[in-house]
Amino acid sequence: MFPLEQTLHSRARLRQRGLREIDAQLILELGTEFRTGVFMLTDNDADTLISELSTCASPQESIWGGMSAGELKRRIDGLRRATVVAEGRTVITVFHKMTTNLRTDPRRDPYCHRRRQRQEAQRRRRSFHRGTAWLSVLHA
């Protein structure tokens, strides 16, 4: 277990997301690398790690980073789908991934496309109503 280097951005994101440096280290070492430098603790990873820790002989024994097995199980369960972007041993950013897959291009995301269509429709409605309001002011 080597100490991680962190950018100012990653320190701020860790604080904002309620994570600790040891959480980022846990994700880097035990998570799955999806793309170069993008690590995620998937549900399958978490389930596997928790089942392995359950078979541990002594739950109070310090196992990883000074944490007991019980504490480590709780921490792993809370880190499901947490993602760390790193370059080597330098953490760049940390976030919780809410969707089940990692999209690289938002234009190909069907939900993003629907959201954009909905926003454009709302804009058109607003501009139409504003236009009629101005017409009534002009004719008065």
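Read on for an overview of the structure.

Calculation criteria
- Residues numbered from 1 in each chain as written.
- Predicted model: local features only at pLDDT ≥ 70, side-chain atom pairs only at ≥ 80, totals over all residues.
- Heavy atoms only, no water.
- Helix = DSSP H or I, 4+ residues; strand = E, 2+ residues; numbered from the N terminus.
- Buried < 20%, exposed > 50% of the residue type's maximum accessible area, 1.4 Å probe, protein only.
- Contact = heavy atoms within 4.5 Å.
- Polar contact = N/O pair within 3.5 Å; in protein donor to acceptor, adjacent residues only side chain to side chain.
- Pairing = 2+ DSSP bridges.
- Axes fitted to C-alpha atoms, helices over the stretch in contact; angles between N-to-C directions.

1. Some remarks on the overall build of the chain
Looking only at helices and strands, one finds five helices and seven strands in the chain. Here the chain, with 140 residues, has 31% of them falling under the buried criterion. Partitioning the contacts of the chain with sequence separation of at least 6, the portion at a separation of at least 24 is 53%.

2. What about helix 1 (residues 8–16)?
For helix 1, the full list of buried residues reads S10, A12 and L14. The elements touched by buried residues of helix 1 are strand 1 (5–6), helix 2 (21–30) and strand 7 (90–96). A positive backbone phi angle near 70° is found at G18, which sits one or two residues after helix 1.

3. Some details on the environment of E33
You can see E33 is positioned in strand 2 (residues 32–35). Each C-alpha atom, one on E33 and one on V85, is 9.7 Å from the other, the two residues being 52 residues apart in sequence. Contact partners of E33, with chain neighbours within four places excluded, come to V38 and F39. Within the structure, E33 has its side chain in polar contact with the backbone nitrogen of G37 (distance 3.0 Å).

4. Remarks on the sheet that holds strand 7
Read across the open sheet, the five strands follow the order 1-7-6-3-2; overall the sheet is mixed. Every other strand in the sheet has two partners, leaving strand 1 and strand 2 as the edge strands with one partner each. Sheet topology note: the strand 1/strand 7 ladder contains two bridges and is parallel. Among the inter-strand pairings, E5 is bridged to a residue of strand 7, identified as T90. Its contacts with the sheet put helix 1 on strand 1 and strand 7, and the angle it makes with strand 7 is roughly 30°.

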